[in-house]
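So you can see what is in the structure, the chains are spelled out below.
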Amino acid sequence: MNKIINQFLAEIDNRNSHEPEFMQAVKEVSEDLIPYIVSQDIYHGKNILMRMVEPERVVMFRVNWIDDNGEIRVNRGYRVEMNSAIGPYKGGLRFHPSVNLSILKFLAFEQVFKNSLTTLPMGGGKGGADFDPKNKSDGEVMRFCQSFMTELFRHIGPNTDIPAGDIGVGGREIGYLFGQYKRLKNEFTGVLTGKGVSWGGSLIRPEATGYGTVYFAEDMLNHIGDSIKGKTVTISGSGNVAQYAAEKCLHLGAKVITMSDSSGYIYDKEGINEEKLNHIMDIKNNKRGRISEYVKKYPKAEFIKDKKPWAVKCDVALPSATQNEVNGTDAKTLLNNGCICVAEGANMPCDHNAIKQFKDNKILFAPGKASNAGGVAVSGLEMAQNSLRYSWTREEVDEKLKEIMIKIHKKCLKYGKEKDYVDYGKGANISSFIKVADAMLAQGVV
Ligand code: NDP
Ligand code: 2IT
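Residues numbered from 1 in each chain as written. Chains lettered and ligands numbered in written order. Predicted model: local features only at pLDDT ≥ 70, side-chain atom pairs only at ≥ 80, totals over all residues. Heavy atoms only, no water.

Topic: the environment of N324
Right, on to step 1. Tracing the backbone shows N324 in the loop between β10 (316-319) and α11 (328-336).
Right, on to step 2. Judged by relative accessible area, which is 29%, N324 ranks as partly exposed.
Right, on to step 3. Sequence separation between N324 and D351 is 27 residues, and the spatial gap between their C-alpha atoms is 5.2 Å.
Right, on to step 4. Filtering out sequence-adjacent residues up to four positions away, N324 remains in contact with Q24, K308, M348, P349, C350 and D351. (Helix = DSSP H or I, 4+ residues; strand = E, 2+ residues; numbered from the N terminus. Buried < 20%, exposed > 50% of the residue type's maximum accessible area, 1.4 Å probe, protein only. Contact = heavy atoms within 4.5 Å.)

Okay, here's the thing in structure tokens:
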């Protein structure tokens, strides 16, 4: 079996050797899927995985804009349309200086499986630009978004490809992008999700990824007769996902002791309560400041510069910042400190060595494609509401989100349950694969 997997990966590597993040995501999925495919006559010999790793389409384009000093700036924009077997391409846009094709292909590839898990009819895609919204004025961000959409609009549409937010793309950016799309097409449609509630957005969409991650952690803990109530939780990141993961932890009676950004982490051993979390939201969302400012208001907390929070003793860890932020050494430290549950709020935050250690030690480990699927799931619900020209209440959407996370948990159990352990990664990979593969086979070689 290892030989077959290695041959497959060598062939993919030949074409994509300059894309390490994409190769990492493909490897992680292939190790679960190839043994399964080989065991199933309907999938074996159809080159199905080879077809899945090749994007249906990639667009890459120049984005010119003018900064506040009148200088002409040039960025690179992308949209990776990975797979449309079960629905239109769906997935976020990331604006971050590190954005490149490798990162967007890994995210689009993961998105295909994640969207399949949600039970909603969405294919997978991802896009973005190497633009850094940090330290830019609102006017600069608006001009960038307008220029970005001036090219992207011809490739997307409410039945074709529906982008949303991701790192560096929140409500402000979605507003500017939506405004420019509407102006170019003279059409008010649900072409983006994460919109403001008064112009087609869904209640609970901002909260959905973080809430969903905690619901999923709670589902895993419940499955072993435990609960997140009373647990000590470390969270990385302080953006959209991290903020609402922290909020849901508080709702469920857990104690959150860390949050972070790219400059370091804060450790508050007394716990980040609702008032303190509101302060973090104000720093990050309104003032667009740094997490280090927390200790000015709460001097009993510490700011640890340039470090990640994984050395802090916890029961549950929710990495919610970015890819590869938990490595093998971090995993060992988490395990030595008694951590029993890791749920990925971010996409691929745990590297291959970290995942191996969590599995070898049989702690609860949820891959992002399962645990952070609540965000795109509520995006799917936003699309449904747009089509209905109707909106559901907060309670209705939250209830549907909870149900979807429970369904994802059940799917993971179906294909990931082993004698005394649930391999959530394997369960998520196989279950999501089946839906996409069946649709691809039914639609012929296209
Ligand atoms: P935000 O832009 O709102 O926040 C990102 C957070 O992560 C910030 O605190 C940021 O710090 C930190 N961060 C970003 N890049 C790095 C880096 N290279 N090193 C260290 N810290 C970093 O993004 P989101 O919260 O939306 O996204 C976080 C993660 O969740 C991503 O992996 C994203 O793909 C994933 N995700 C997001 C969903 C969504 O609906 N938004 C849905 C599912 C997954 P700083 O401010 O210093 O840059
Ligand atoms: O990674 C993700 O799932 C997202 N950034 C959200 C995608 C979406 O379409 O809501």
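Continuing now.
As for the environment of M440
Right, on to step 1. Looking at the secondary structure, you find M440 in helix α16 (residues 424-442).
Right, on to step 2. Once the C-alpha coordinates of M440 and I48 are considered, the two residues, 392 residues apart in sequence, prove to be 8.2 Å apart.
Right, on to step 3. In contact with M440, not counting residues within four places along its chain, are I48, R51, M52, N83 and A85.

As for the site of ligand 1
Right, on to step 1. Around ligand 1, 26 residues are found, and the nearest of them are K134, D166, S262, R290 and N347.
Right, on to step 2. In this structure, an oxygen atom belonging to ligand 1 sits 2.8 Å away from a side-chain N or O atom of T209.
Right, on to step 3. When ligand 1 is considered free in solution it has 890 Å² of accessible area, and contact with the protein chains removes 83% of it.
Right, on to step 4. Of all the secondary-structure elements, those providing two or more residues to the shell around ligand 1 are α7 (205-223), α8 (240-251) and β7 (255-261).
Right, on to step 5. Broken down by class, the residue content of the shell around ligand 1 amounts to 4 nonpolar, 14 polar and 8 charged. (Near = heavy atom within 4 Å. Polar contact = N/O pair within 3.5 Å; in protein donor to acceptor, adjacent residues only side chain to side chain. Areas by Shrake-Rupley, 256 points an atom, 1.4 Å probe, with all protein chains shown as cover. Nonpolar A, V, L, I, M, F, W, Y, C, P; charged D, E, K, R; others polar.)

Thoughts on the sheet that holds strand β2 (residues 72-83)
What links the strands of a sheet is backbone hydrogen bonding, and the strands pair in either a parallel or an antiparallel sense.
Right, on to step 1. Read across the open sheet, the 5 strands follow the order β1-β2-β4-β3-β5; overall the sheet is mixed. Since the sheet does not close on itself, it has two edges, and those belong to β1 (57-66) and β5 (161-164), each with one partner. The sheet shows a mean angle of 20° between the axes of neighbouring strands, taken without regard to direction.
Right, on to step 2. Where β1 meets β2, 10 bridges bridge the pair, whose relative direction is antiparallel. (Pairing = 2+ DSSP bridges. Axes fitted to C-alpha atoms, helices over the stretch in contact; angles between N-to-C directions.)

Some details on the sheet that holds strand β6 (residues 232-236)
Right, on to step 1. Pairing within the open sheet is mixed, and its 7 strands lie in the order β9-β8-β7-β6-β10-β11-β12. Unpaired on one side and paired on the other, β9 (302-305) and β12 (364-366) mark the two borders of the sheet. Between one strand and the next, the sheet's axes are offset by a mean angle of 15°, whatever the strand orientation.
Right, on to step 2. Looking at chain direction, strand β11 (residues 341-343) and β12 are connected through 3 bridges and run parallel. Each residue of the ladder has a partner; that of V342, found in β12, is F365.

Some points on empty space enclosed by the protein
Right, on to step 1. In the structure shown here, the tally under the stated rule is 2 cavities of 30 Å³ or more.
Right, on to step 2. In terms of lining residues, the largest cavity is bounded by E28, E110, E344, M348, I355, K359, F365, P367, G368, K369 and G425.
Right, on to step 3. Going through the elements one at a time, α12 (352-360) and α13 (368-371) are the ones with two or more residues in the lining of the largest cavity.
Right, on to step 4. Its boundaries defined by the atoms lining it, the second largest cavity holds a volume of some 30 Å³.
Right, on to step 5. In terms of lining residues, the second largest cavity is bounded by Q24, E28, M348, C350, D351, H352 and I355.
Right, on to step 6. When contributions to the lining of the second largest cavity are tallied by element, the ones reaching two or more residues are α2 (20-39) and α12. (1 Å grid on protein atoms, 1.4 Å probe; cavity = no way out; pocket = protein on both sides within 12 Å on 5 of 7 lines; lining within 4 Å. Points joined across faces, edges and corners; volume = space filled by probe spheres on them.)

Thoughts on α8
Because an α-helix packs 3.6 residues into every turn, residues spaced three or four apart end up facing the same way.
Right, on to step 1. Helix length check: α8 (12 residues) gives 17 Å between terminal C-alpha atoms against 16 Å at 1.5 Å per residue, within 8%.
Right, on to step 2. Buried residues dominate α8, accounting for 10 of its 12 residues.
Right, on to step 3. Turning to α8, its buried residues number three or more, namely V241, A242, Q243, Y244, A245, A246, E247, K248, C249 and L250.
Right, on to step 4. For α8, the elements touching its buried residues are α7, β6, β7, α9 (274-286) and β10.
Right, on to step 5. Directly beyond the C-terminal end of α8, a positive phi value near 85° is found at G253. (Expected span 1.5 Å × (residues − 1).)

Considering the site of ligand 2
Right, on to step 1. By nearness alone, 14 residues border ligand 2, and K90, K114, K126, R205 and S379 come closest of all.
Right, on to step 2. Between ligand 2 and R205, the relevant distance is 3.0 Å, taken from an oxygen atom to a side-chain nitrogen or oxygen of the residue.
Right, on to step 3. Those elements giving two or more residues to the shell around ligand 2 turn out to be β3 (89-95), α4 (101-117) and α14 (374-388).
Right, on to step 4. For the shell around ligand 2, the class distribution of residues is 2 nonpolar, 7 polar and 5 charged.

Here's the deal with the side chain of N115
Right, on to step 1. Checked against the element boundaries, N115 lands in helix α4.
Right, on to step 2. Look past the residues within four positions of N115 in its chain and what remains in contact with it is K90, L120, M122, G123, G124 and V376.

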